[in-house]
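What follows is each chain in one-letter form.
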Amino acid sequence: MKRILIFFGGCSTEYPVSLQSAQAVLEHLDRSRFEPLMVGITREGRWLYYTGDLEAIAADRWQQAENCTPCALIPDRGVKELVLLDGTGTRLEFDATFPVLHGKNGEDGTLQ
């Protein structure tokens, strides 16, 4: 099974559109083939690994949940890992990313 890192939210006026798009992508993702790792980006730019309910994403309640952990990508070009910044140093490997970000800092390639 492939692990897909899915980014949503972001520092854009199109933040709500990103949330709706991400929820749709996640609801239609073939879970028999792909395991999603969800990373929400707040309007202020904080990256949070999210493990909560999908319904909270489009409703913009995702970042208020106890299901969020600050995170970052490992900056080594040859390593595809997300590191949780909760003091444990947990690393989550992934196979590909899917940036579901709209507007500035998303569609303009900033994340890539």
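Everything discussed here concerns the structure shown above.
Basis of the calculations
- Residues numbered from 1 in each chain as written.
- Predicted model: local features only at pLDDT ≥ 70, side-chain atom pairs only at ≥ 80, totals over all residues.
- Heavy atoms only, no water.
- Helix = DSSP H or I, 4+ residues; strand = E, 2+ residues; numbered from the N terminus.
- Rg over C-alpha atoms; globule rule 2.2 N^0.38 Å.
- Buried < 20%, exposed > 50% of the residue type's maximum accessible area, 1.4 Å probe, protein only.
- Areas by Shrake-Rupley, 256 points an atom, 1.4 Å probe, with all protein chains shown as cover.
- Lys, Arg positive; Asp, Glu negative; His and termini not counted.
- Charge placed at Lys NZ, Arg CZ, Asp CG, Glu CD.
- Pairing = 2+ DSSP bridges.
- Right-handed = clockwise from strand over helix to strand, strands pointing away.

1. A look at the overall build of the protein chain
What the protein chain contains, in helices and strands, is two helices and seven strands. Counting from the amino terminus, helix and strand elements in the protein chain follow one another as β-α-β-β-α-β-β-β-β. Radius of gyration (C-alpha) of the protein chain: 13 Å, near the 13 Å computed for a compact globule of 112 residues. Overall size of the protein chain, expressed as C-alpha extent along the three principal axes, is 30 × 30 × 30 Å. Burial status across the protein chain gives 40% buried among its 112 residues. Taken as a whole, the protein chain presents about 6400 Å² of accessible surface, with 48% of it coming from carbon and sulfur. With 11 positive and 16 negative side-chain charges, the protein chain shows a spacing of 4 Å between the two charge centroids.

2. Comments concerning the pairing of strand S1 (residues 2–9)
Burial analysis of S1 places six of its eight residues in the buried class, the great majority of the element. Two elements, S1 and strand S2 (residues 34–41), share eight bridges in a ladder whose sense is parallel. Across the sheet, the residue bridging to Ile4 is Pro36, located in S2. The parallel pair S1 and S2, bridged by helix H1 (residues 15–28), forms a crossover whose chirality is right-handed. In this sheet, strand S7 (residues 96–100) lies alongside S1 in parallel orientation, the contact comprising five bridges. Note that in S7 the partner of Ile6 across the bridge is Phe98.

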